[in-house]
Amino acid sequence: MSFTLAHLSDPHLAPLPEPAWRELMNKRATGYFNWLRRRRFIHDASVLETIVADLEAQAPDHIAVTGDIANIALSAEFTRGRGWLESLGNPRDVSFVPGNHDIYVPEAAAFAARQWGAQMTDDEGVAGFPYVRRRGPLALIGLSSGVPTAPFLATGWLGTQQLAGLAEILVKLAREDVFRVVLIHHPPVTLAARHKRLLDATVLKRVIATHGADLLIHGHDHRHMLNWLDGPRGSKVPAVGVPSASARPGTSKDAAAYNLYRIGGVPRAWTCEMISRGIGANGEVTEIGRMMLTP
Ligand SMILES: [Fe+2]
């Protein structure tokens, strides 16, 4: 038995739709300026298209997207984002958790729920976080760390309720023979500046250390990242981040890439191999790394 999970993140769909002036009367104004000055030179629709085509050729069993479809959360970015999510496959086969650019302003949570709800609901069709979706040997646990913040902040926050929910789910799933994958936008471990961090990362790490998980995947930093979190009884849990799926090669962060996880073995003796595929300067996607995440 082998199950392939693909993970991509931070597509930041480009180009940005033309904002109406009334949409810029808040934090979006600084975000719009930032887009014009810097981000529009990084995120490229054709790069994303190339990455997604390569991913689809690998025929994964499931696709996880860990946030930042949007840039400044204009309402048009949610309708377009819905089309993009649906182009990846049936909502059953695509799981999404929002990032800080999706929940950029307070009204954006409702836009996300309305347009991207099908990829953010549990197996009973119930919306909310954390959600649990069972696919093959996997239990995908979706967290939302995206919260509206003041201008120039990109912090994330899970909150007590969501963290308590996560603990409860991990306890329950530990009694079942499932491979537990946690999806979150912000990394639990990062070298990024404080104004970009998950503010309650310490509590998240404590929950993982107490109750365990098999894999945590994230985006946000737009880089290839691998950190080993403490799990119960001396075990380690890999926390893996991918670059933005639309990042042109040659910018200050890593070029667009995605990861494939091949999960096999048997319950309590799972095997998990990670394969990274990324875009090169020639515009072609090739394998750029491969490693076993299990002993
Ligand atoms: Fe991002």
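Going by the structure above, here's the rest.
With that settled, consider the overall build of the protein chain. Each helix and strand in the protein chain was counted, giving six helices and 12 strands. Rg of the C-alpha trace for the protein chain: 18 Å, near the compact-globule value of 19 Å for 295 residues, within the 12% margin. Principal axes of the C-alpha set define a box for the protein chain whose edges measure 55 × 45 × 35 Å. Looking at the 295 residues of the protein chain, the share that counts as buried comes to 56%. For the protein chain, contacts bridging at least 24 residues in sequence account for 68% of all contacts bridging at least 6. With an accessible surface of roughly 12,500 Å², the protein chain has 55% of that area assigned to carbon and sulfur atoms. Side-chain charges of the protein chain comprise 31 positive and 28 negative groups, with the mean position of each set lying 6 Å from the other.

Let us now look at the pairing of strand S6 (residues 179–183). S6 sits mainly inside the fold: five of its five residues count as buried. Along S6, one buried face is formed by Phe-179, Val-181 and Leu-183 and the opposite face, lined by Arg-180 and Val-182, is buried too. Sheet topology places strand S5 (residues 138–142) next to S6; five bridges connect them, and they run parallel. By the bridge assignment for S6, Ala-139 is matched with Arg-180. You can see the chain leave S5, run along helix H5 (residues 160–174) and come back into S6, and the turn it takes is right-handed. As paired elements, S6 and strand S7 (residues 215–218) share three bridges and run parallel to each other.

Looking now at the pattern of salt bridges. Under the definition given, this model contains 11 salt bridges. A salt bridge links Arg-134 to Glu-176; the shortest N-O distance between them is 2.5 Å. You can see Arg-134 sitting in strand S4 (residues 131–135) and its partner Glu-176 sitting in the loop between H5 and S6, a full 42 residues away along the chain. Classification of Arg-134 by relative accessible area gives partly exposed; the value is 32%. With its nearest N and O atoms 3.3 Å apart, the salt bridge here joins Glu-273 to Arg-290. With Glu-273 in strand S11 (residues 269–279) and Arg-290 in strand S12 (residues 285–292), this residue pair connects regions lying 17 residues apart in the sequence. Salt bridges linked by common partners bring Glu-273, Glu-287 and Arg-290 together as one network.

Considering only enclosed or pocket space, the largest pocket measures out at about 760 Å³ in volume. The wall of the largest pocket is formed by 39 residues, among which Arg-38, Arg-39, His-101, Ala-154 and Lys-196 lie closest to the centre. For the lining of the largest pocket, the secondary-structure elements that each account for two or more residues are helix H1 (28–37) and strand S8 (225–230). Looking at the lining of the largest pocket, its residues break down into 12 nonpolar, 16 polar and 11 charged. Surrounding the second largest pocket, 26 residues form its lining, Arg-180, Ala-213, Asp-214, Arg-268 and Trp-270 being those nearest its centre. Contributions of two or more residues to the lining of the second largest pocket are made by H5, S6, helix H6 (201–211), strand S9 (236–241) and S11. Here the residues of the lining of the second largest pocket are counted per class, giving 14 nonpolar, five polar and seven charged.

Criteria and thresholds
Residues numbered from 1 in each chain as written. Predicted model: local features only at pLDDT ≥ 70, side-chain atom pairs only at ≥ 80, totals over all residues. Heavy atoms only, no water. Helix = DSSP H or I, 4+ residues; strand = E, 2+ residues; numbered from the N terminus. Rg over C-alpha atoms; globule rule 2.2 N^0.38 Å. Buried < 20%, exposed > 50% of the residue type's maximum accessible area, 1.4 Å probe, protein only. Contact = heavy atoms within 4.5 Å. Areas by Shrake-Rupley, 256 points an atom, 1.4 Å probe, with all protein chains shown as cover. Lys, Arg positive; Asp, Glu negative; His and termini not counted. Charge placed at Lys NZ, Arg CZ, Asp CG, Glu CD. Pairing = 2+ DSSP bridges. Right-handed = clockwise from strand over helix to strand, strands pointing away. Salt bridge = Lys/Arg side-chain N within 4 Å of Asp/Glu carboxyl O. 1 Å grid on protein atoms, 1.4 Å probe; cavity = no way out; pocket = protein on both sides within 12 Å on 5 of 7 lines; lining within 4 Å. Points joined across faces, edges and corners; volume = space filled by probe spheres on them. Nonpolar A, V, L, I, M, F, W, Y, C, P; charged D, E, K, R; others polar.

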